[in-house]
Amino acid sequence: MTFYRQVGSIPPKRHTQHRRPDGGLYAEELVGEEGFSSDSSLLYHRGIPSAIVDARPWELPDQTLTPNLPLVPRHLKLHDLVYKEADPVTSRRLVLGNADVRIRYAVATEPSPYYRNATGDECVYVERGAATVETVFGALTVGQGDYVIIPRTTTHRWIPTGPEPLRVYAIEASSHIAPPKRYLSRYGQFLEHAPYCERDLRGPVEPMLAEGTDVEVYIKHRGGGSIHVVPEHPFDVVGWDGCLYPYAFNIADFEPITGRVHQPPPVHQVFEGNNFVICNFVPRKVDYHPLAVPVPYYHSNVDSDEVMFYVDGDYEARKGSGIGKGSISLHPGGHSHGPQPGAVERSLGVEFFDETAVMVDTFRPLDLGEAGLAADDGRYAWSWSGRGPAA
């Protein structure tokens with residue numbers, strides 16, 4: 001995270017006594033990144049955060065990954081998949097993944113269990129619906145268009161609150177996820193050229209306190225999955241301060257960067273992790289040179305696989321391909337891609353694009369998860385030529 005927050009009750013000096021009303025001590029916990037050499041927060045618990053009374057394995061959903069062979073671009077129709085309308089954590093289906101990042105999708109109507117991802121940070125995009133995300137740092141109210149950044153090891157749960165099912169697009173890293181370094185000063189403040197700033201970020205504003213005993217916490221970790229039973233409710237933090245905490249950012253608050261001619265994908269970047277970046281495409285005025293071509297030129301991003309999740313609007317470059325809301329396009333490194341036939345001519349003179357999409361570019365190849373294989377339309381690779389393999 002990039003700036004300091006203070007929530008609830010903390011002592012005037014860190015690592016000093018902080019006493020309860022009855023005279024007992026609160027338990028101070030330091031949560032820090034990179035061997036406590038980077039961002040951190042100090043949390044003050046009513047109970048002992050290390051205490052557990054039971055532990056057992058958690059059998060994770062299908063984690064199988066299948067290489068994209070033969071190498072082809074793919075169209076994955078997520079809305080055509082059959083989902084158990086369960087909770088937004090344990091019902092996530094694996095769409096794409098590699099050693100650095102996994103992309104999962106879920107449709108949910110029920111609250112999730114208490115959950116902690118000890119493998120890496122999560123960036124969860126809320127495609128549709130609304131929820132309260134309860135965390136050990138406090139609660140976040142989130143809805144359509146929100147990115148929810150949840151730091152590694154943060155105990156939390158999702159509670160759907162809207163009349164329609166909650167649809168989430170979960171980007172799970174093996175690293176931390178943060179704003180791009182080029183948007184920040186050397187001290188972590190957003191710079192003037194950044195397309196969003198601190199005012200756009202929503203963090204917890206008050207402690208999240210709950211009562212309970214022998215509470216189950218589901219943990220995803222580098223060895224698989226486990227369930228810990230903790231003797232006191234994990235939401236027992238009376239106060240905290242620091243620069244590491246969950247927060248939400250709505251895609252509508254991203255200010256697009258435009259120009260006289262077509263701008264390259266890095267202007268759309270919103271977050272980054274180790275060996276991947278997250279970009280978004282939002283409704284915007286487009287190129288205003290009199291001879292501009294508003295849709296992208298054909299391009300080979302030779303170091304990346306490109307994954308585009310189409311959320312809303314009409315994506316001009318993909319017209320005629322069958323891609324629509326709820327689609328993913330996978331354009332692998334090694335394959336040049338660009339507008340569908342006729343899209344360039346149709347775009348000439350267009351002044352505004354009404355489109356919303358979330359893009360993940362990875363610097364290692366992506367494999368297909370079980371949901372990616374099930375959602376593949378099998379035809380997208382031939383959409384530029386108009387014909388495929390002989391029957």
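Residues numbered from 1 in each chain as written. Predicted model: local features only at pLDDT ≥ 70, side-chain atom pairs only at ≥ 80, totals over all residues. Heavy atoms only, no water.

**A closer look at the overall build of the chain**
Keep this limit in mind: Each helix is a run of H or I in the DSSP string that is no shorter than four residues. Each strand is a run of E no shorter than two, and both are numbered from the N terminus. The quantity called the radius of gyration is restricted to C-alpha atoms. Its globule counterpart is 2.2 Å times the number of residues to the power 0.38. Only protein chains enter the accessibility calculation, which uses a 1.4 Å probe; a residue whose area is less than 20% of its type maximum is buried, one above 50% is exposed, and one in between is partly exposed. It only takes one pair of heavy atoms within 4.5 Å for two residues to be counted as in contact.
The helix and strand tally for the chain stands at two helices and 27 strands. Computed over C-alpha atoms, the radius of gyration of the chain comes to 22 Å, within 12% of the 21 Å expected from 2.2 N^0.38 for 391 residues, which places it in the range of a compact globule. Taking the principal axes of the C-alpha coordinates as reference, the chain spans close to 75 × 50 × 40 Å. With 391 residues in all, the chain has 53% of them scored as buried. Taking the contacts inside the chain whose residues are at least 6 apart along the sequence as the reference set, 75% of them involve residues at least 24 apart.

**Describing the layout of surface pockets**
Under the convention used in this document: Residues are said to line a cavity or pocket when one of their atoms sits within 4 Å of a point; the points come from a 1 Å grid over protein atoms alone, cavities being sets where a 1.4 Å probe fits but cannot get out and pockets being open sets with protein on both sides within 12 Å along at least five of seven lines. Grid points are joined across faces, edges and corners, and a volume is the space filled by probe spheres set on the points. Polarity classes work like this: nonpolar for Ala, Val, Leu, Ile, Met, Phe, Trp, Tyr, Cys and Pro, charged for Asp, Glu, Lys and Arg, and polar for all others, with Gly in that last group.
If you add up the space inside the largest pocket, you get close to 600 Å³. Lining the largest pocket we find 30 residues, and of these Glu29, Pro49, Arg116, Thr153 and Thr155 sit closest to its centre. Elements with a contribution of two residues or more to the lining of the largest pocket: strand 2 (27–32), strand 3 (40–45) and strand 17 (224–232). When residues of the lining of the largest pocket are assigned to their parent elements, the largest contribution, four residues, is made by strand 17. In the lining of the largest pocket, the residues fall into 13 nonpolar, 10 polar and seven charged. By volume, the second largest pocket amounts to about 500 Å³. As for the second largest pocket, its lining consists of 27 residues, of which Glu33, Asp39, Ala178, Pro179 and Lys181 are closest to the centre.

**Comments concerning empty space enclosed by the protein**
Scanning the model with the defined rule gives four cavities of 30 Å³ or more in all. A volume near 260 Å³ is recorded for the largest cavity. If you go around the largest cavity, you meet 26 residues; those closest to its centre are His262, Phe281, Pro296, His299 and Tyr315. Tallying contributions element by element places strand 23 (residues 305–313) first for the lining of the largest cavity, with three residues. Of the residues belonging to the lining of the largest cavity, the class tally is 13 nonpolar, eight polar and five charged. Within this model, the second largest cavity holds a volume of roughly 80 Å³. Together, Ile257, Thr258, Gly259, His262, Gln263, His268, Arg284, Val286, Asp287 and Pro294 line the second largest cavity. Classifying every residue of the lining of the second largest cavity by side-chain character gives three nonpolar, five polar and two charged.

**Structural notes on the environment of proline 88**
When you line up the elements, proline 88 lands in the loop between strand 5 (74–77) and strand 6 (93–97). Between the C-alpha atom of proline 88 and that of alanine 99, which follows or precedes it by 11 residues, the distance is 22 Å. The residues touching proline 88, leaving out its near neighbours within four places in the chain, are Ala106, Ala108, Glu110, Ser112, Trp158, Leu166 and Val168.

**Things to note about the UniProt feature "domain: Cupin type-2" (unreviewed entry) in the chain**
Under the convention used in this document: UniProt positions are given in the numbering used here, feature names are shortened, and annotations may be inferred rather than shown by experiment.
Mapped onto the present numbering, the UniProt feature "domain: Cupin type-2" (unreviewed entry) falls on residues 112–171. The straight-line gap between the two end C-alpha atoms of residues 112–171 is 17 Å; of that span, 0% is helix and 65% is strand.

**Digging into the environment of cysteine 123**
Position of cysteine 123 relative to the elements: it lies in strand 9 (residues 122–128). The class of cysteine 123 is buried, set by a relative accessible area of 0%. Taking C-alpha positions, cysteine 123 is 28 Å from isoleucine 10, a pair spaced 113 residues apart along the chain.

**Quick notes on the packing of aromatic side chains**
Definition in use: Only centres within 6.5 Å qualify two rings of Phe, Tyr or Trp (six-membered ring in Trp) as a pair; their planes then separate them into stacked at under 30 degrees, edge-to-face at over 60, and tilted for everything else.
Under the defined criterion, the tally for this structure stands at 20 aromatic pairs. Measuring from centroid to centroid gives 5.0 Å for phenylalanine 190 and tyrosine 196, while their planes differ by 55°, and the two rings are tilted. Tyrosine 196 shares its class with phenylalanine 190; the two are buried. For the ring pair tyrosine 310 and tyrosine 315, a centre distance of 5.2 Å and an interplane angle of 75° mean the geometry is edge-to-face. Among the aromatic residues, ring-to-ring pairing joins Tyr125, Tyr147, Tyr183, Phe190, Tyr196, Phe249, Phe254 and Phe271 into one connected group.

**Focus on the sheet that holds strand 7 (residues 101–108)**
Selection rule: Pairing between two strands is assigned when DSSP locates at least 2 bridges connecting them.
Reading across the sheet, the eight strands line up as 15-19-12-9-14-7-6-27 and stay open at both edges, with antiparallel pairing between neighbours. With one partner strand each, in any of the chains shown, strand 15 (201–202) and strand 27 (367–368) form the two edges of the open sheet.

**Overview of the pattern of salt bridges**
Here is the rule we go by: The term salt bridge refers to a pairing of a side-chain nitrogen on Lys or Arg with a carboxyl oxygen on Asp or Glu at a separation within 4 Å.
On inspection of all chains with the given rule, the structure shows 16 salt bridges. Among the ionic pairs, arginine 56 bridges to glutamate 216, the shortest N-O distance being 2.5 Å. With arginine 56 in strand 4 (residues 54–57) and glutamate 216 in strand 16 (residues 213–221), this residue pair connects regions lying 160 residues apart in the sequence. Given the relative accessible area of 31%, glutamate 216 is considered partly exposed. Among the ionic pairs, glutamate 172 bridges to arginine 104, the shortest N-O distance being 2.8 Å. Of this pair, glutamate 172 sits in strand 14 (residues 166–173) while arginine 104 is found in strand 7, placing the two residues 68 residues apart along the sequence. Judged by relative accessible area, which is 3%, arginine 104 ranks as buried. One salt-bridge network, in which partners are shared between bridges, spans Arg92, Arg104, Glu122, Glu172 and Lys220.

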